[in-house]
Amino acid sequence: MTRPLVALLSGAGISTDSGIPDYRGPNGLWRRDPEAEKLVTYDFYMGDPEIRRRSWQMRRGNRTLRAEPNAAHRAVVDLERAGVPVRVITQNVDGLHQLAGLPARKVLELHGSARSFVCTRCHARGPMRDALARVEAGEEDPPCLECGGILKSATVFFGERLDPVVLGQALAIAKACQVFLAVGTTLQVQPAAGLAGVAADHGARLIVVNAEPTPYDARADEVVREPIGTALPRLLAALRDGEGGGG
Ligand code: ZN
């Protein structure tokens, strides 16, 4: 007997208890501040050394890199350790699912990771803390040590495409899962939002956990408005204890 596959799509709301604000959502900080948005917009970044210098300064102060997982992240790890097949698809770049203890191969980061840098020319990658150490040491716009190219955060900038491989894997999970939880996401940013519809189309039980209404509430089997930090541990404990499970 196989246990049901649980897919969890997480958005900014799952990390607010960790002190990370919503940066890139429809009402996120970047969308409300055009100057800040330039720092994470590909063409501005590549075309202007001053934008890059300011971006590195922004990363030095980035709370995301100092944040700790919260009860919701830990609840997902508990579910996985109880032997329930779990896959996380996240819109977040904070790496907190992995930091909480979820194996990296079970987490799909649709928008990349703020914990790594990547070279825009040769695609070499490394820990963001290594690049930031060079900034601290006086390099205002540290070039790639392999090829001299421009380095950026390994996050998907505005004007960049999502990784088609990651997106394909997310779609496959949405189609294959028996339970799809959308947690802390407004489900307004495509293509991530559409995954909820794909899961429902393929027969998954759709559970929406979000403070605000979402476009998919009407299709959901369950809509939960209570705070994620209490709602998610409760919902996942019920799944863990085999409610509706057993295949
Ligand atoms: Zn390079």
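What you see is a predicted model; the values in this text were computed from it and never measured.

Reading guide: rules and limits
- Residues numbered from 1 in each chain as written.
- Predicted model: local features only at pLDDT ≥ 70, side-chain atom pairs only at ≥ 80, totals over all residues.
- Heavy atoms only, no water.
- Salt bridge = Lys/Arg side-chain N within 4 Å of Asp/Glu carboxyl O.
- Helix = DSSP H or I, 4+ residues; strand = E, 2+ residues; numbered from the N terminus.
- Buried < 20%, exposed > 50% of the residue type's maximum accessible area, 1.4 Å probe, protein only.
- Phe/Tyr/Trp six-rings, centres within 6.5 Å; stacked < 30°, edge-to-face > 60°.
- Lys NZ or Arg CZ within 6 Å of the ring centre and 35° of its normal.
- Pairing = 2+ DSSP bridges.
- Axes fitted to C-alpha atoms, helices over the stretch in contact; angles between N-to-C directions.
- Contact = heavy atoms within 4.5 Å.

Peer 1: For this particular structure, what's the right way to read the pattern of salt bridges?
Peer 2: Side-chain pairing between opposite charges can occur once the charged atoms of the two side chains come close. Enumeration over the complete set of coordinates arrives at 13 salt bridges. Of the charged contacts in the structure, one is a salt bridge between Arg53 and Glu50, with a shortest N-O distance of 3.0 Å. Linking Arg53 with Glu50, this pair stays in helix H4 (residues 49-60), spanning three residues, or about one helical turn. Exposure remark for Arg53: the relative accessible area of 27% places this residue in the partly exposed category. With a relative accessible area of 37%, Glu50 lands in the partly exposed category. In this structure, the salt-bridge partner of Asp201 is Arg219, at a minimum N-O distance of 2.8 Å. Taken together, the positions of Asp201 in helix H9 (residues 192-201) and Arg219 in the loop between strand E8 (205-209) and strand E9 (222-224) put the pair 18 residues apart, joining distant regions of the chain. By relative accessible area, which is 55% here, Asp201 ends up exposed. Accessibility expressed as a relative area gives 41% for Arg219, which makes it partly exposed.

Peer 1: Mind showing me how you'd approach the packing of aromatic side chains here?
Peer 2: Given two aromatic rings, their pairing is described by the distance between the two centres and the angle made by the two planes. Here the structure, examined in full by the defined rule, presents one aromatic pair. Ring centres 5.2 Å apart and planes at 90 degrees place the aromatic pair Tyr45 and Phe157 in the edge-to-face group. Of this pair, Tyr45 sits in helix H3 (residues 42-47) while Phe157 sits in the loop between strand E6 (151-155) and helix H8 (164-176), and the two are 112 residues apart along the sequence. Of the residues examined, Tyr45 reaches a relative accessible area of 0% and is grouped as buried. On the accessibility criterion, Phe157 (2% relative accessible area) is buried. Lying across the ring of Trp56, Arg59 places its NZ or CZ 4.3 Å from the centre.

Peer 1: Can you walk me through the sheet that holds strand E1 (residues 6-10) in this structure?
Peer 2: Note: strands within a sheet are paired through backbone hydrogen bonds, in either parallel or antiparallel orientation. Pairing is parallel in the open sheet, where six strands are placed in the order E3-E2-E1-E7-E8-E9. With one partner strand each, in any of the chains shown, strand E3 (107-109) and E9 form the two edges of the open sheet. Going across the sheet, the axis of each strand differs from the next one's by a mean of 15 degrees, ignoring polarity. By the bridge criterion, three bridges tie strand E2 (residues 86-90) to E3 in an arrangement that is parallel. Across the sheet, residue Val88 finds its bridge partner in E3, namely Val107. Most of the contacts of helix H5 (residues 71-81) go to E2, to which it runs at about 150 degrees, and overall it touches E1 and E2. Set on the sheet, H9 makes contact with E1, E2, strand E7 (179-183) and E8; between it and E7 the angle comes to about 155 degrees.

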